Amino acid sequence: MPSHYQEIKFTLSDNPPEGEPERQYYFIAKCREWVKHKEEELGRPLLGSVINFGCQMNAKDSEKLRGILREAGYQLLDDQSPDPEDADLVLYNTCTVRENANVRVYGRLGSLVSKKKKNPHMLIGLCGCMMQEPHVVEKIKKSYSHTSLIFGTYNLYKFPELLYTAMNSDRMIIDIWKNTDQIVEDLPAERKYSFKSGVNIMFGCNNFCSYCIVPYVRGRERSRQPEAIIKEVKELVQSGVKEIMLLGQNVNSYGKNLEQPITFARLLEMLEEIEGLERIRFMTSHPKDLSDELIAVMAKSKKICRHLHLPLQSGSSRILKEMNRRYNKEKYLELTEKIRRAMPDISLTTDIIVGFPGETEEDFLETLDVVNKVGYDTAFTFIYSRRTGTPAAAQENQVPEDIVKERFNRLLKLVQEKGRQASSRFTGTIQEVLVEEVNHSQEGYVTGRMGNNLLVHFPGCPTLVGTLVKVRLQECRGFYYIGEMI
Ligand code: 5AD
Ligand code: SF4
């Protein structure tokens, strides 16, 4: 590392604890002292902002980062603030699953140069998946020297220590780990909603789908101990949480590598017993690992939501093989039929990639065929993005851009048409919904989410937010309903 980048091992005049998370609480206290001092110097509060670019796992990480900043004494700006980047500390939690996520980060980072000129005390941090790629860090060192701090996905829990180092240095602080087998629990978190929360159950991914960068930037699968998960959920429920979303890249393989292995289905059964917890969701399920045991547990459960996100990626068995997905078109269709037999009212959603290297018109038609047959409520459609370091990126037969765009538009049209049909099947039914927010576009209305993940707007007062109520679905308007409370 060049000499003007500070190595992380530093010495303080007093002795920080060795163990975690105590060590990080020590540094939170140190940061708080620094913030207080700065506030006195500037005669105003210090503002902090965490800007999230990625998936639900990243969003959850951002809550942890915000929690740490709040404890360190920063006043937090949120996404609704007029300019969340007008802060004394801006932290970008990045994503690299597709190239456009990277492009957005570079753009926003570039625009911070002028802000830092106006506010020389400003600290700029970067973390998350993109930072695990060496070429990204090289580029930032070279072209974005106004950055104060860079860290990755494995050492997120070290944020207080790294922040304190950055506060006391005018060099760029960089700490990226190549992997870890550690899971540090019990750091502060600032939850976005008081009544629902994400809960990590595992980190990393072992599947190495040939297009995907996640296993390289998030490392091997590591499951949390069931006891730690249950403890966290009980605490959340005590603080008013009604709904949890269990998070993992592939929740269906949860627990396989624990010293005392346990299945995901069993974990769900244990969580179901927690009194006061009303709803359980989870994300994401790999079709190859979705067990009959899980279907049976879901079918008899009162709390697990009737929604499965089951990424298809492609409907062509040939492409699925090239993608290393380890199921084929027939297996996928059999699985969705089995799920629908056990739970006829379930909502299925999916992810689809268009333009994987070598995809022909015939392959693409297979994808359309699956979309037609399954009837997804929603499908997230992506144009294939070449990720350096993945096996698919090395393939020569990349599909020309104009063909990909044309296929993408055809897929989107079908997905929307089928989605509209599928969503409207609940018209006239009475559903339990969790009221999530006041509806800002229609006065006197609130918005609730059903177990199957669909939204309904209905007349109601703001005090309903965070409660479960019964609503009759009167009219389907594409992807949401208008209803009335009963
Ligand atoms: N290009 C396009 N989409 C991708 N995804 C993952 N990697 C890529 C890529 N290289 C999509 C998959 C996955 C979702 C989270 O992102 O569909 O399920
Ligand atoms: Fe990527 Fe496949 Fe792992 Fe999902 S299961 S994170 S698509 S490698």
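Basis of the calculations
Residues numbered from 1 in each chain as written. Chains lettered and ligands numbered in written order. Predicted model: local features only at pLDDT ≥ 70, side-chain atom pairs only at ≥ 80, totals over all residues. Heavy atoms only, no water. Helix = DSSP H or I, 4+ residues; strand = E, 2+ residues; numbered from the N terminus. Rg over C-alpha atoms; globule rule 2.2 N^0.38 Å. Buried < 20%, exposed > 50% of the residue type's maximum accessible area, 1.4 Å probe, protein only. Contact = heavy atoms within 4.5 Å. Areas by Shrake-Rupley, 256 points an atom, 1.4 Å probe, with all protein chains shown as cover. Lys, Arg positive; Asp, Glu negative; His and termini not counted. Charge placed at Lys NZ, Arg CZ, Asp CG, Glu CD. Pairing = 2+ DSSP bridges. Axes fitted to C-alpha atoms, helices over the stretch in contact; angles between N-to-C directions. 1 Å grid on protein atoms, 1.4 Å probe; cavity = no way out; pocket = protein on both sides within 12 Å on 5 of 7 lines; lining within 4 Å. Points joined across faces, edges and corners; volume = space filled by probe spheres on them. Nonpolar A, V, L, I, M, F, W, Y, C, P; charged D, E, K, R; others polar. Near = heavy atom within 4 Å. Polar contact = N/O pair within 3.5 Å; in protein donor to acceptor, adjacent residues only side chain to side chain. Core = buried A, V, L, I, M, F, W, Y, C linked by side-chain atoms within 4.5 Å. Parallel < 35°, antiparallel > 145°, perpendicular 65-115°, else oblique. Left-handed = near helix turned anticlockwise from the far one by under 90°.

Visitor: How do you make sense of the overall build of the protein when you look at a structure like this?
Guide: Counting its regular elements, the protein contains 13 helices and 19 strands. Its C-alpha atoms give the protein a radius of gyration of 24 Å, near enough to 23 Å, the size a compact globule of 486 residues would have. C-alpha extents for the protein along the principal axes are approximately 65 × 55 × 50 Å. The burial tally for the protein puts 56% of its 486 residues in the buried class. Pairs at least 24 apart in sequence give 73% of the contacts found in the protein among residues at least 6 apart. With an accessible surface of roughly 22000 Å², the protein has 50% of that area assigned to carbon and sulfur atoms. The average position of the 66 basic charges and that of the 66 acidic charges among the side chains of the protein differ by 2 Å.

Visitor: In this structure, what is going on with the sheet that holds strand β17 (residues 455–459)? I would like to understand it.
Guide: In a beta sheet, neighbouring strands are held together by backbone hydrogen bonds and run either parallel or antiparallel to one another. Read once around its circumference, the closed barrel built from five strands follows the order β15-β16-β17-β19-β18, with strand pairing classed as mixed. Across the sheet, the axes of successive neighbouring strands diverge by a mean angle of 50°, strand direction being ignored. Here β17 pairs with strand β19 (residues 480–485) via three bridges, running parallel. Residue Val456 lies in a different strand from β19, and its bridge partner there is Tyr481.

Visitor: I tried to follow empty space enclosed by the protein on my own but got confused; where do I start?
Guide: Over the atoms a probe the size of a water molecule is rolled, and this reveals where empty space is left. The full count for this structure, using the stated rule, is two cavities of 30 Å³ or more. Estimated volume of the largest cavity: approximately 50 Å³. Lining the largest cavity we find Leu89, Val90, Leu91, Leu123, Ile124, Gly125, Ser148, Leu149, Phe159, Leu163 and Ala166. For the lining of the largest cavity, the elements supplying multiple residues, two or more each, are β3 (89–94), β4 (123–128) and α5 (159–167). Its residues placed into classes, the lining of the largest cavity shows nine nonpolar, two polar and no charged. Roughly 40 Å³ of volume is contained in the second largest cavity.

Visitor: How do you make sense of the sheet that holds strand β14 (residues 378–383) when you look at a structure like this?
Guide: In spatial order, the strands read β12-β13-β14; together these three strands make up an open sheet with parallel pairing. Whereas interior strands pair on both sides, the edge strands pair on one side only; in this sheet they are β12 (307–309) and β14. Averaged over neighbouring strand pairs, the angle between their axes works out to 10° when direction is ignored. In the sheet, β12 pairs with strand β13 (residues 347–354) via three bridges, with the strands oriented parallel. Its bridge partner being in β13, Leu308 is matched across the sheet by Leu348.

Visitor: Even after reading the chapter, I still don't get the pairing of strand β16 (residues 445–450), so can you show me in this structure?
Guide: Both faces of the sheet carry side chains from a regular strand, because those side chains alternate between them. The element β16 is largely enclosed, with a buried count of six among its six residues. With burial as the criterion, each face of β16 is covered, one bearing Tyr445, Thr447 and Arg449 and the other bearing Val446, Gly448 and Met450. Sheet topology places strand β15 (residues 430–438) next to β16; five bridges connect them, and they run antiparallel. Across the sheet, residue Leu434 finds its bridge partner in β16, namely Arg449. With five bridges joining them, β16 and β17 adopt antiparallel strand pairing. Bridging across to β17, Arg449 finds its partner in Leu455. Counted along the chain from β16 to the antiparallel partner β17, the turn is four residues long, and its residue Asn453 has a positive phi close to 85°.

Visitor: Please clarify how the site of ligand 2 should be interpreted in this entry.
Guide: Contacts to ligand 2 come from Cys205, Asn207, Phe208, Cys209, Tyr211, Cys212, Val214, Pro215, Gln249, His286 and Arg325. Here the residues of the shell around ligand 2 sort into seven nonpolar, three polar and one charged.

Visitor: Please explain the layout of surface pockets as it appears in this structure.
Guide: Its volume calculated, the second largest pocket comes out at about 790 Å³. Elements with a minimum of two residues in the lining of the second largest pocket: α2 (56–71), β7 (196–200) and α7 (226–238). Ranked by residues supplied to the lining of the second largest pocket, first place goes to α7 with five residues. Counted by class, the lining of the second largest pocket contains 13 nonpolar, seven polar and twelve charged residues.

Visitor: Can you walk me through the site of ligand 1 in this structure?
Guide: For ligand 1, the full set of nearby residues is Val97, Arg98, Tyr211, Gln313, Asp351, Ile353, Phe382, Ile383, Tyr384, Ser385 and Arg387. Between ligand 1 and the protein, one listed contact pairs an oxygen atom with a side-chain N or O atom of Arg98 at 2.8 Å. Here Gln313 contributes a side-chain N or O atom positioned 2.6 Å from an oxygen atom of ligand 1. Within the complex, the protein chains bury 86% of what would otherwise be the 400 Å² of accessible surface of ligand 1. For the shell around ligand 1, the elements supplying multiple residues, two or more each, are β13 and β14. Split by residue class, the shell around ligand 1 holds six nonpolar, two polar and three charged.

Visitor: Explain the nonpolar core to me, please; I cannot follow it from the model alone.
Guide: A general trend in soluble globular proteins is that nonpolar side chains are found buried together. Ile244, Leu246, Phe264, Leu271, Phe282 and Ile339 are the most contacted members of the largest nonpolar core, which totals 68 residues. Beyond its immediate stretch of four places on either side in the chain, Phe282 contacts Met245, Leu246, Val251, Phe264, Leu268, Leu294, Met298, Ile304 and Leu308. The next biggest cluster of nonpolar side chains, apart from the first, holds 27 residues, and it includes Cys31, Leu69, Leu89 and Leu156.

Visitor: Looking at this structure, I do not really get the environment of Ile352. What am I missing?
Guide: Among the structural elements, Ile352 can be located in strand β13. Sequence separation of Ile352 and Ile383 is 31 residues, and the distance between their C-alpha atoms is 8.5 Å.

Visitor: For this particular structure, what's the right way to read the packing of α2 against α5?
Guide: The description of two packed helices rests on the angle between their axes and on the distance between the axes. Direction vectors running N to C along α2 and α5 enclose 55°, while the axes themselves pass 10 Å from each other. Between α2 and α5, the angle is such that the two are oblique. Every pair of crossing elements has a handedness; the one defined by α2 and α5 is right-handed. In this structure, α2 contributes Leu65, Ile68 and Leu69 to the contact, and α5 contributes Phe159, Pro160 and Leu163.

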